[in-house]
Amino acid sequence: MLVIGIIGFFFYSQPGMDNHYYALRALVTYFMLGFAFLLIHPDEGLMRIFCLNNLSSRFGRYFLSIFSIIMFSILLFIYPIVNHTNYMILNEIPFEGLIASILLFVFYLLIFLFVISINKKDINRLILKMKSDKREKFFERLIDYTNDMVLVTDSNHIMTYANSKLFEILKLDKDNLLGKNFINFSPELFIKKHLYLKSCKNLTTEFVESHKVTIDGNDLYLSGYIIPILKDGNFNGTINVIVNMTDIEKDESNLRSSLKLLNVLLTEVHHRVKNNMQIIISLLNLQKYQIKDENVINVLNDSQSRIKAISLVHENLYMSGQFSEINIKDYIDLLIVEVKNHYSNIPNLAINNNVEDKFICLDNAVPLGLIINELLNNSIICGFNNGEYLKEKNIQGVIDVDLFQNDNNKIILKVKDNGRGFNLSNKDLNISIELMNALSSQLSAEYEIVENNGVEFIFIMPQI
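All of these numbers come straight from a predicted model, not from anything done at the bench.

K.L.:
Honestly, the packing of aromatic side chains in this entry has me stumped. Any pointers?
P.N.:
Geometry of an aromatic ring pair is reported as the spacing of the ring centres plus the angle between the planes. Tallying each qualifying case throughout the model produces three aromatic pairs. Judged by centre distance (5.3 Å) and plane angle (55°), the rings of phenylalanine 207 and tyrosine 225 are tilted. Remark: tyrosine 225 occurs in strand E4 (residues 218-231) and phenylalanine 207 occurs in strand E3 (residues 206-215); sequence separation between them is 18 residues. Overall, the relative accessible area of 43% leaves tyrosine 225 in the partly exposed class.

K.L.:
Even after reading the chapter, I still don't get empty space enclosed by the protein, so can you show me in this structure?
P.N.:
Unoccupied space between atoms shows up once a probe the size of one water molecule is rolled over them. Overall, the coordinates contain three cavities of 30 Å³ or more when judged by the stated rule. Looking at the largest cavity, its volume works out to about 230 Å³. Forming the boundary of the largest cavity are 18 residues, of which Phe190, Lys192, Val208, His211 and Ile242 lie nearest the centre. Every element with two or more residues in the lining of the largest cavity is listed here: helix H8 (193-202), E3, E4 and strand E5 (234-244). Tallying contributions element by element places E4 first for the lining of the largest cavity, with five residues. Of the residues that constitute the lining of the largest cavity, the class distribution is twelve nonpolar, four polar and two charged.

K.L.:
Can you help me understand the environment of leucine 390 in this one?
P.N.:
On the secondary structure map, leucine 390 appears in helix H13 (residues 388-393). Judged by its relative accessible area of 0%, leucine 390 falls in the buried class. On a C-alpha basis, the gap between leucine 390 and glycine 419 in space is 7.9 Å, while along the polypeptide they are 29 residues apart. Excluding anything up to four places from it in sequence, leucine 390 contacts Ile346, Asn348, Phe384, Ile395, Gln396 and Gly397.

K.L.:
Where do I start with the pairing of E3 in this structure?
P.N.:
The side chains of a regular strand alternate, first on one face of the sheet and then on the other. Bridge count between E3 and E4: eight bridges; the pairing is antiparallel. Across the sheet, the residue bridging to valine 213 is leucine 220, located in E4.

K.L.:
Before we go on, may I ask you to explain the pattern of salt bridges in this structure?
P.N.:
Pairs can form between side chains of opposite charge once their charged atoms are near each other. All chains considered together, the criterion is met by four salt bridges. The closest approach of N and O atoms between aspartate 133 and lysine 129, which form a salt bridge, is 3.1 Å. Of this pair, aspartate 133 and lysine 129 both sit in helix H5 (residues 95-145), four residues apart, which is roughly one turn of that helix. With its nearest N and O atoms 2.3 Å apart, the salt bridge here joins glutamate 374 to arginine 306. Residue glutamate 374 is found in helix H12 (residues 362-383), and its partner arginine 306 is found in helix H10 (residues 294-320); the two are separated by 68 residues along the sequence.

K.L.:
It is not clear to me how the environment of asparagine 240 should be interpreted in this structure. Could you clarify?
P.N.:
Along the chain, asparagine 240 turns up in strand E5. Considering only alpha carbons, one finds asparagine 240 and isoleucine 227, 13 residues apart in sequence, at a separation of 6.2 Å. Separated by 3.0 Å, the side chains of asparagine 240 and threonine 238 make a polar contact.

K.L.:
Would you mind going over the nonpolar core with me for this structure?
P.N.:
Note that soluble globular proteins tend to have their nonpolar side chains buried in a common cluster. With 46 residues, the main nonpolar core has Leu368, Val401, Leu413 and Met461 as its most contacted residues. The greatest single-element share of this core, amounting to nine residues, is contributed by H12. Among all residues touching leucine 368, those that are not within four sequence positions of it are Ile328, Ile360, Leu403, Leu413, Leu443, Met461 and Ile464. Membership of the second largest hydrophobic core comes to 22 residues, among which are Phe167, Leu177, Phe185 and Leu220.

K.L.:
When you look at the sheet that holds strand E12 (residues 455-461) in this model, what are you seeing that I'm missing?
P.N.:
Sheet strands pair by backbone hydrogen bonding; their relative direction is either parallel or antiparallel. With respect to topology, five strands assemble into an open sheet ordered E7-E9-E10-E12-E11, the strand pairing being mixed. Pairing within the sheet leaves two strands with one partner each, and these edge strands are strand E7 (349-355) and strand E11 (446-451). Direction aside, neighbouring strands of the sheet carry axes that sit 10° apart on average. With seven bridges joining them, E7 and strand E9 (residues 397-405) adopt parallel strand pairing. Residue pairing across strands places asparagine 354 opposite aspartate 402, the latter belonging to E9. This element, H12, spans E7, E9, strand E10 (411-417) and E12 of the sheet and lies at about 155° to E9.

Rules used throughout
Each chain has its residues counted from 1, running along the sequence as written. In keeping with the model being predicted, local features are shown solely for residues with a pLDDT of at least 70 and side-chain atom pairs are shown and tallied solely at 80 or more, while totals for entire chains, interfaces and linings include all residues. For side-chain calculations, the full set of non-hydrogen atoms in the structure is used, while hydrogens and water are omitted. A pair of Phe, Tyr and Trp rings is counted when the ring centres sit within 6.5 Å of each other, with Trp represented by its six-membered ring. The angle between the planes then sorts it: under 30 degrees is stacked, over 60 is edge-to-face, the rest tilted. A run of H or I in DSSP counts as a helix once it spans at least four residues, and a run of E counts as a strand once it spans at least two, with each numbered from the N terminus. The buried label goes to any residue with under 20% of its type's maximum accessible area, the exposed label to any with over 50%, and the partly exposed label to all in between, with areas taken from a 1.4 Å probe on protein chains only. Of the two site types, the cavity is a set of points on a 1 Å grid over the protein atoms alone where a 1.4 Å probe fits but cannot get out, and the pocket is an open set with protein on both sides within 12 Å along at least five of seven lines, each lined by residues with an atom within 4 Å of a point. Grid points are joined across faces, edges and corners, and a volume is the space filled by probe spheres set on the points. Lys, Arg, Asp and Glu make up the charged group, whereas Ala, Val, Leu, Ile, Met, Phe, Trp, Tyr, Cys and Pro make up the nonpolar group; the residues left over, Gly among them, are polar. Working rule for contacts: check all heavy atoms of both residues, and any pair within 4.5 Å makes them a contact. Paired strands, as defined in this entry, are two strands with at least two bridges between them according to DSSP. For salt bridges, the criterion is a side-chain nitrogen of Lys or Arg within 4 Å of an Asp or Glu carboxyl oxygen. Whenever two N or O atoms come within 3.5 Å, that pair is a polar contact, provided that in protein one can donate a hydrogen and the other can accept it, and provided that, for residues adjacent in sequence, both atoms are side-chain atoms. What we call a nonpolar core is a set of buried Ala, Val, Leu, Ile, Met, Phe, Trp, Tyr and Cys residues that are connected through their side-chain atoms within 4.5 Å. Axis geometry follows a simple rule: fit a line to the C-alpha atoms, using only the stretch in contact for helices, then measure angles between N-to-C directions, giving values from 0 to 180 degrees.

Spelled out as structure tokens, the structure:
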């Protein structure tokens, strides 16, 4: 259309026609017709900048319409009426019409350039706003789908957002919550507001421990975090993440009840095992009273001592309430007391407990206790000859029990006495040596015997 208008302009302006009015009217008319055709697709091409819903596009549309009406009025109505001529046969256009046409063209050009300039900024702003809205909706949907409750307050403590989970669990209405001041809202529901105020004042994230809240007669346990929002280093609101701990609290309560019951059962088991072993010891005592053979009595005494060593493990567990491990130092203290009570006829006997304060598992406590029990009994019976050697030499019998971890993370057990030593080929030691070999194998331990002013047994074993 613009091309046709230009051709019409030059056609009426050529010599012979020389009608400037028709030339200008053809140019303007076909230009406007072309503009109208472009508006058929306002979302494409150059026309898009005039058809957007923003300030610059509206400005362009208004001014194009206004100046088009003004120009057509000048060309088609005002000029012919003023000059009392028939504009259809007018051969010359006045100077005023030419000036109006030039001004119209200049205004169209300025409007077009102005709209393009402003529209670029508007488009960028719209794109950024669309992206921001898209991100905001995405995060809002993301927060809505989470299982935790989220509540947002602004710098004036006004609640501005809450996800659907919060309304669902806390039985709240959106109109009664949003827009309200958090500090003054429902002190029965939000009972940890001192932490909220602390977070707002110190600008620190505060952890809210699990606490009970009653809603519609139902007890809920809530926990969470209060996270301050900062803008340019200043307080600008908070994000409150509230976690429903009700199911976890119920599970923990059931678990605590189960553990309490299990502890009671294990305590009863160890107590009964200890009592049963004490019954066995008592039965062996009754048996001893009917036997005259000293060798048999000694055998029964050894058996009682070993049973007592095992019984002490269960007694220690029963007293401590620990059922998976045992304090080896406390256990050996009990074992030493029992050994000294058994050999109370030897007054000048000292047994030193130099064991580290260490916990060992139950599986290793029994064999280790039996080994120490055997070594203590061997030192007294063989090394001190049941105390006769001490009377003869007029010395105090000393047995040192050491247990520690060396630099290679190996456990070292040393039991040393200052007795006369003893012959390992003695048949009375056969059972004891065989028992120690079996127990050492159970502990994956190796041992050696050093004879120097007495006898020293050294056991080397891995972690126990």
